[in-house]
Amino acid sequence: MKNPGFTLVETLVSLFVLSIAITATFAIITFNLNRANCIKNSFIASGLAQEGDEGVRNLRDTDWFKGNPFGSLGGPLAAGGTYCVQWDSEQLISSCSNPLKKDAGGLYTYDSGQNTIFSRTVTVTSVSAAELKITVDVSWPDHGGTKQVSAEEHLFDWY
């Protein structure tokens with residue numbers, strides 16, 4: 001007598017193989033989504049670090065136009081401290097609220113908006129009378145630890 005149907009053992013084996021395939025697929029998808037989020041955060045942090053560098057360079061150039069002494073960066077001499085800067089800064093901000101906030105227009109500021117995971121600090125170090133070292137650090141929490149992106153620039157007294 002021939003039985004054209006599956007036996008119970010064949011059915012269980014096929015369900016086991018199918019469940020392993022589905023579990024592996026979901027594990028790969030979860031891993032890829034986590035990696036994509038890490039890459040997105042690194043990309044945003046790199047942009048924020050570059051924005052910090054450009055903001056400080058803009059302050060140096062503005063000082064030149066206004067006839068301010070080199071290194072004042074929009075205010076009293078700033079060398080040797082840790083500050084904050086945002087895209088519309090007219091001087092370095094000595095005390096600011098970290099983390100950065102993202103406003104309704106998508107801009108990162110310290111003034112208003114929703115808190116983000118990113119914190120940015122700008123360190124100004126005087127190398128010589130004609131050179132400042134600017135270090136911008138952007139950090140954010142990631143998988144139980146803290147990730148950080150740093151950018152360094154040297155500004156010279158070319159005026």
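Scroll up to find the structure.
Considering all chains together, one arrives at four salt bridges under this definition. In this structure, the salt-bridge partner of E153 is R57, at a minimum N-O distance of 2.7 Å. In this pair, E153 is assigned in strand β7 (residues 145-156) and R57 in helix α1 (residues 8-66), connecting sequence segments 96 residues apart. In this structure, D61 engages R60 in a salt bridge whose closest nitrogen and oxygen atoms are separated by 2.8 Å. Look at D61 and you get partly exposed, because its relative accessible area is 22%.

Tracing the chain through its elements places P141 in strand β6 (residues 131-142). Each C-alpha atom, one on P141 and one on F118, is 8.0 Å from the other, the two residues being 23 residues apart in sequence. Ignoring any residue separated from it by four or fewer positions in sequence, one finds P141 in contact with I117 and T146.

So, on to α1. For α1, spanning 59 residues, the distance from its first C-alpha to its last is 87 Å, which sits close to the expected 87 Å at 1.5 Å a residue. Taken together, the buried positions of α1 are occupied by C38, N41, A45, L48, A49, G52, D53, G55, V56, L59, R60 and D63. For α1, the elements touching its buried residues are β3 (108-109), β5 (119-128), β6 and β7. Just past α1, the residue G67 takes up positive phi, approximately 80 degrees.

What follows deals with the sheet that holds β3. Ordered by their spatial adjacency, three strands build an open sheet running β3-β2-β4, and the pairing between neighbours is antiparallel. One side of each edge strand has no neighbouring strand; the edge strands of this open sheet are β3 and β4 (114-115).

Across the chain, the bulk of peptide bonds are trans and the bulk of non-glycine residues have phi less than zero. With a phi angle near 50 degrees, L73 is a residue other than glycine that sits in the positive phi range. Tracing the sequence through the fold places L73 in the loop between α1 and β1 (81-83). With phi around 50 degrees, H143 is a residue other than glycine that occupies positive phi space. Within the fold, H143 resides in the loop between β6 and β7. Under the relative-accessibility criterion, H143 is labelled exposed at 60%.

This paragraph deals with the side chain of T116. Note that T116 resides in the loop between β4 and β5. The exposure class of T116 is buried, given its relative accessible area of 16%. There is a polar contact of 2.8 Å between the side chain of T116 and the backbone oxygen of L100. The contact partners of T116, leaving out residues within four places of it in the chain, are P99, L100, K101, K102 and Y108.

Calculation rules
Residues numbered from 1 in each chain as written. Predicted model: local features only at pLDDT ≥ 70, side-chain atom pairs only at ≥ 80, totals over all residues. Heavy atoms only, no water. Salt bridge = Lys/Arg side-chain N within 4 Å of Asp/Glu carboxyl O. Helix = DSSP H or I, 4+ residues; strand = E, 2+ residues; numbered from the N terminus. Buried < 20%, exposed > 50% of the residue type's maximum accessible area, 1.4 Å probe, protein only. Contact = heavy atoms within 4.5 Å. Expected span 1.5 Å × (residues − 1). Pairing = 2+ DSSP bridges. Polar contact = N/O pair within 3.5 Å; in protein donor to acceptor, adjacent residues only side chain to side chain.

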